Amino acid sequence: MTVRTRMAPSPTGEYHIGSMRTMLFNFAWAKKNNGQFVLRIEDTDRTRLVEGSLERTLQVVKDFGLSWDEGPVVGGPYAPYVQSERLSLYQEYANKLLESGHAYYCFCTPERLTQVREEQQKAGAPLTHYDKFCLKNSKEESEARVKAGEKHVIRYKMPADEEIQFNDLFLGPITFHTKDLDDYVMLKSDGFPTYHLAVVVDDHLMNMTYIMRGVEWIPSTPKHILLYKAFGWEMPLTGHLPNLKEVGAHKKLSKRDGTVDARLFLEEGYLPEALLNFLMLLGWNPGTEKEIYSLEEFISAFSLERVHKTDLISFDREKLLWFNGVYIRQMSVEDLWLQIVKWAATYGVDLGIDDRDHDYIIKVVALTQERLRLFSEFNELTSYFFTEPKVDKELLNK
RNA sequence: GGCCCCAUCGUCUAGCGGUUAGGACAUUGCCUUCUCAAGGCAAGGAUCAUGGGUUCGAAUCCCAUUGGGGUCACCA
């Protein structure tokens, strides 16, 4: 069977460097197996949509040197690849679940839900669940209320107590019990699906064979397993990847400590090749002492067996800087200058080179190459070649 | 709190029953060099979270504890 993997960004903000790592792994696995890598847009939360973020996400993926075989812009046999354009599909499958008795209509207001939740918390319940209030309603009654235009959602009817086990690609067997799971909402009152419904329907319809995603998805995996079972579908092989954190921190990568938006790394003057190389080693290791990998080399070396089990990896910015320096030194002087110029033009950076002739600049670049770790350091590293240094005579006398 | 996952130098990791626990980043020193880098060499740095087992033998297997993380939404 053809290996098909996907990455499904949400246009709710700027693309995160950690997501780029996950995308890289999915991309590499598809490429290694001569399969397809699919990009799908999960824009089912209309309240969090951020203007232009979809376009910027697509752009940064390209800028990092990755590409997709199917997805937005390029299309493909399973189009559309944007969930908001697939609404009728989710409704259709939600209805199937309704008919087969795996789901039910719920008319509870958000206010009632919060109230129920608060009461459960007050009573000291170990976890809060929907109280299945609407499960009592007869099918006829529910359908009549829906027909009358009453606001409703569709919930999955969680089996009383069933053991659910799945074999994580990286972590091995993981067991859950349905009694710990909620009758979660699959279809929202605005007719949009929640993640759980949409991801299962799409992954199946788009013929995905492997899913690699962050560890935060482990707890929702049993919900997906149940859906696959209810539909009678086979679930793609699924594995969960460690998240990234700041060095010395216990939490996920945060803006406080530096850049987290993938695009901003480019803007600071990191090379995509260096970034990718650094990302490869965050959750995977070849088992050899080789550390410098081109994308092609990574694709052929990548294997599922060598993906790490750890759940949190430090994003060592110091080492990333080192990688960038390595890649800068690997380039020819002419190429390096070309890249710097391109970078400056893209991000509107003034290199401060005045109108010096090319030969002079190249000499300066050659002199700077060994020292340069980041394009954004170019100015302070070379300014004295282009502008008269200002000398404070008073200071000299001292 | 319930459930789930994880645990080797400061950091990223190698290790999959017998190793002086290896490498890389960072740190320090030396060499090279007109400086700074880069490069080369070297050093320090890990009681393999703790406690029990299993075994002739455990970083490696099992259990418990501790610590950390994740998750419990009409967000993904």
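Structure first, text after, so check above.
All values derive from a computational prediction rather than experimental measurement.

S.K.: Got a sec to walk through the protein's contact with RNA strand B? Specific residues and values, please.
M.R.: Near RNA strand B, the surroundings consist of 52 residues, among which Pro126, Asn285, Glu291, Asp311 and Glu370 are the closest. A distance of 2.9 Å is found between a phosphate oxygen of RNA strand B and a side-chain nitrogen or oxygen belonging to His308. Residue Glu370 places a side-chain N or O atom 2.5 Å away from a base nitrogen belonging to RNA strand B. Those elements that provide at least two residues to the surface near RNA strand B are helix H4 (110–122), strand E4 (153–156), strand E6 (172–177), strand E11 (312–315) and helix H11 (317–330). Tallied by class, the residues present in the surface near RNA strand B amount to 20 nonpolar, 12 polar and 20 charged.

S.K.: Give me the lowdown on the pairing of strand E10 (residues 243–246), citing residues and values where you can.
M.R.: Looking along a regular strand, one sees side chains alternate from face to face of the sheet. Of the two faces of E10, the one holding Asn243 and Lys245 and the one holding Leu244 and Glu246 are both buried throughout. Across 4 bridges, the pairing between E10 and E11 is parallel. Paired with Glu246 across the strands is Phe315, a residue of E11.

S.K.: Break down the side chain of Asp202 for me, with residues and values.
M.R.: For Asp202, the location among the structural elements is in helix H6 (residues 195–205). Residue class for Asp202 comes out buried when judged on its relative accessible area of 0%. A polar side-chain atom of Asp202 sits 2.9 Å from a polar atom in the side chain of Gln83.

S.K.: Lay out the side chain of Thr209 with the relevant residues and their values.
M.R.: Inspection of the secondary structure assignment puts Thr209 in the loop between H6 and strand E8 (210–214). A polar contact of 2.8 Å, which involves the side chain of Thr209, links it to the backbone nitrogen of Arg4. Setting aside its immediate chain neighbours within four residues, Thr209 contacts Met1, Thr2, Val3, Arg4, Pro236 and Leu237.

S.K.: Kindly report on the sheet that holds E4, identifying the contributing residues and their values.
M.R.: Taking strand neighbours across the sheet as the criterion, the 3 strands line up as E3-E4-E7 in an open arrangement whose pairing is antiparallel. A single partner strand is all that each edge strand has here, and the edge strands are strand E3 (103–106) and strand E7 (185–187). Between one strand axis and the next, the sheet turns through 45° on average, direction left out of account. Where E4 and E7 come together, 2 bridges link them in antiparallel fashion. When the sheet's bridge partners are listed, Ile154 is paired in E7 with Leu187. Contacts from helix H3 (residues 87–99) reach E3, E4 and E7 within the one sheet, and its direction differs from that of E3 by about 105°.

S.K.: I'd love a proper account of the environment of Cys106, names of residues and values included.
M.R.: In this structure, Cys106 sits in strand E3. Since its relative accessible area comes to 1%, Cys106 is described here as buried. Cys106 sits 47 residues away from Val153 along the chain, and the two C-alpha atoms are 5.3 Å apart. Apart from residues no more than four positions distant in its own chain, Cys106 is found in contact with Tyr130, Cys134, Lys151, His152, Val153 and Arg155.

Conventions used here
- Residues numbered from 1 in each chain as written.
- Chains lettered and ligands numbered in written order.
- Predicted model: local features only at pLDDT ≥ 70, side-chain atom pairs only at ≥ 80, totals over all residues.
- Heavy atoms only, no water.
- Near = heavy atom within 4 Å.
- Polar contact = N/O pair within 3.5 Å; in protein donor to acceptor, adjacent residues only side chain to side chain.
- Helix = DSSP H or I, 4+ residues; strand = E, 2+ residues; numbered from the N terminus.
- Nonpolar A, V, L, I, M, F, W, Y, C, P; charged D, E, K, R; others polar.
- Buried < 20%, exposed > 50% of the residue type's maximum accessible area, 1.4 Å probe, protein only.
- Pairing = 2+ DSSP bridges.
- Contact = heavy atoms within 4.5 Å.
- Axes fitted to C-alpha atoms, helices over the stretch in contact; angles between N-to-C directions.

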